[in-house]
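# Analysis of the macromolecular model
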Amino acid sequence: MLTAYKTDRGRRRETNEDALLVDQENGIFLLADGMGGHQAGEVASRLAVDVTYVYIRNNLQRAREAHSLSALLEDAVVHAHTTIREQAGTSPLLNGMGTTLVIMLIHNTDAYLCHIGDSRAYLLRKGIRQVTRDHTMDDYLLSRNIMTRGQKSHILTQAVGTSEHPAPEQHHLKLQPGDIMLLCSDGLTDMLSDSEIETIVRRHDGHLAAAAHELIEAANDRGGKDNISVVLILI
């Protein structure tokens, strides 16, 4: 397994409210995109990533032995949610802060994913496939044919720290040699189409650091309207 990751504040934001954490040895990959006034989004995303990681690491061996890795990830999200809400109550500057969160845990040939919000996970195998579903008003209305694809509201229907009752979504994939997994924030997917993302990754033929760099540059060249973060994993 090979990995590469990169984050950038983009062209229009003063700060970077995305947060990443990669533990290749244990197969743990985390990405969060924070929101909130002042620096609250930055606090929320970093807190979510750090708290989730510690929770997973502390309970990973037990979960492997019990074959309960999916439950572990959901419990970790709920734990991060509770921690962020408690922290938000300590200062008016942090009130209302929240974050997206996407977690991937790779164990043997299995990938376990758990997410809230609109940060995404993709599988590149024969083509590119979005694994996660955006928890946005866009997705909700699209699924009910109330709006057409192409409109953008960016209103989250779920976020870690702000949802009253978070309902993390889970996915389980059987991985194959040569698969590439991509985790990213919407700063990438708002600027580039899925096919453009695939073209860039394929062009570098397994050189993940070069692919991550070009993805960031391409998103910035399109305007870089938001922070941009990518994690690439080659199986």
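As the structure is a prediction and not an experimental result, all values here were calculated from the model.

### Digging into the pattern of salt bridges
This structure, assessed with the given rule, holds twelve salt bridges. Salt-bridge contacts for Asp 226 lead to Arg 13; the nearest nitrogen and oxygen are separated by 3.4 Å. Of this pair, Asp 226 sits in the loop between α6 (208-221) and β11 (228-234) while Arg 13 sits in the loop between β1 (2-8) and β2 (18-23), and the two are 213 residues apart along the sequence. Here Asp 226 falls in the buried class, since its relative accessible area comes to 13%. Classification of Arg 13 by relative accessible area gives partly exposed; the value is 37%. Across the pair Arg 120 and Asp 134 runs a salt bridge whose closest N-O atoms are separated by 2.7 Å. Pair noted here: Arg 120 is in strand β7 (residues 120-125) and Asp 134 is in the loop between β8 (127-130) and α3 (137-143), with a separation of 14 residues, a long-range link. Each of the two residues, Arg 120 as well as Asp 134, counts as buried.

### Structural notes on the environment of Leu 208
With respect to the helices and strands, the residue Leu 208 is situated in helix α6. With a relative accessible area of 5%, Leu 208 lands in the buried category. Apart from the residues lying within four places of it in its own chain, the contact partners of Leu 208 are Leu 2, Thr 3, Ala 4, Leu 232, Ile 233 and Leu 234.

### Details of the packing of helix α1 (residues 40-65) against helix α2 (residues 69-88)
In a pair of packed helices, the angle between the axes and the distance between the axes together describe the arrangement. The N-to-C vectors of α1 and α2 enclose an angle of 145°; their axes lie 8 Å apart at closest approach. The interaxial crossing formed by α1 with α2 has right-handed handedness. Here α1 contributes Ala 44, Leu 47, Ala 48, Val 51, Thr 52, Tyr 55, Ile 56, Asn 59, Leu 60, Ala 63 and Arg 64 to the contact with α2, which in turn contributes Leu 69, Leu 72, Leu 73, Asp 75, Ala 76, His 79, Ala 80, Thr 83, Ile 84 and Gln 87.

### What about the environment of Leu 60?
Within the secondary structure, Leu 60 is located in helix α1. C-alpha of Leu 60 to C-alpha of Asn 220: the two residues are 160 residues apart in sequence and 37 Å apart in space. The contact partners of Leu 60, leaving out residues within four places of it in the chain, are Asn 26, Ile 28, Leu 69, Leu 72 and Leu 105.

### Description of unusual backbone geometry
At His 67, a position not held by glycine, the phi torsion is positive, near 55°. Positionally, His 67 belongs in the loop between α1 and α2.

### Points about the sheet that holds β8
One open sheet accounts for five strands, arranged β1-β11-β10-β7-β8; its pairing is antiparallel. Looking at strand neighbours, the two that pair on one side only are β1 and β8, the edges of this open sheet. Here the average twist between neighbouring strands, direction ignored, is 15°. Note that β7 and β8 share four bridges and pair antiparallel. For Leu 123, the partnering residue across the bridge sits in β8 and is Arg 129. Where helix α5 (residues 194-203) meets the sheet, its contacts fall on β7, β8, β10 (180-184) and β11, and the angle it forms with β7 comes to roughly 55°.

### Let's talk about the packing of α5 against α6
Here α5 crosses α6 at 145°, and the two axes come no closer than 8 Å. For the pair α5 and α6, the sense of crossing is right-handed. Where α5 approaches α6, its residues Ile 197, Ile 200, Val 201 and Arg 203 are matched on the opposing element by Ala 211, Glu 214, Leu 215 and Ala 218. Residues of the contact of α5 with α6, tallied by class, amount to six nonpolar, no polar and two charged.

### Considerations on α1
With 26 residues, α1 should reach 38 Å at 1.5 Å per residue; the first-to-last C-alpha distance of 37 Å fits that figure. At Asn 59, α1 is deflected by roughly 55°, the largest bend along its length.

### So, α2
In this model, α2 (20 residues) spans 29 Å end to end at C-alpha, consistent with the 28 Å of a helix rising 1.5 Å per residue. Taken residue by residue, α2 has Leu 69, Leu 72, Leu 73, Ala 76, Val 77, Ala 80, His 81, Thr 83, Ile 84 and Ala 88 as its buried positions. Contacts made by the buried residues of α2 are with α1, β4 (98-99), β5 (101-107) and β6 (110-116).

### Regarding the pairing of β2
Across the six residues of β2, five count as buried, placing the element largely inside the fold. For β2 and strand β3 (residues 28-35), the ladder comprises six bridges, and the chain directions are antiparallel. Bridge pairing links Val 22 to Phe 29 in β3. Connecting the antiparallel pair β2 and β3 is a turn made up of four residues, with Gly 27 showing a positive phi of about 70°.

Rules behind the numbers
- Residues numbered from 1 in each chain as written.
- Predicted model: local features only at pLDDT ≥ 70, side-chain atom pairs only at ≥ 80, totals over all residues.
- Heavy atoms only, no water.
- Salt bridge = Lys/Arg side-chain N within 4 Å of Asp/Glu carboxyl O.
- Helix = DSSP H or I, 4+ residues; strand = E, 2+ residues; numbered from the N terminus.
- Buried < 20%, exposed > 50% of the residue type's maximum accessible area, 1.4 Å probe, protein only.
- Contact = heavy atoms within 4.5 Å.
- Axes fitted to C-alpha atoms, helices over the stretch in contact; angles between N-to-C directions.
- Left-handed = near helix turned anticlockwise from the far one by under 90°.
- Pairing = 2+ DSSP bridges.
- Nonpolar A, V, L, I, M, F, W, Y, C, P; charged D, E, K, R; others polar.
- Expected span 1.5 Å × (residues − 1).
- Bend = angle between axes of the 7 residues up to and from the residue.

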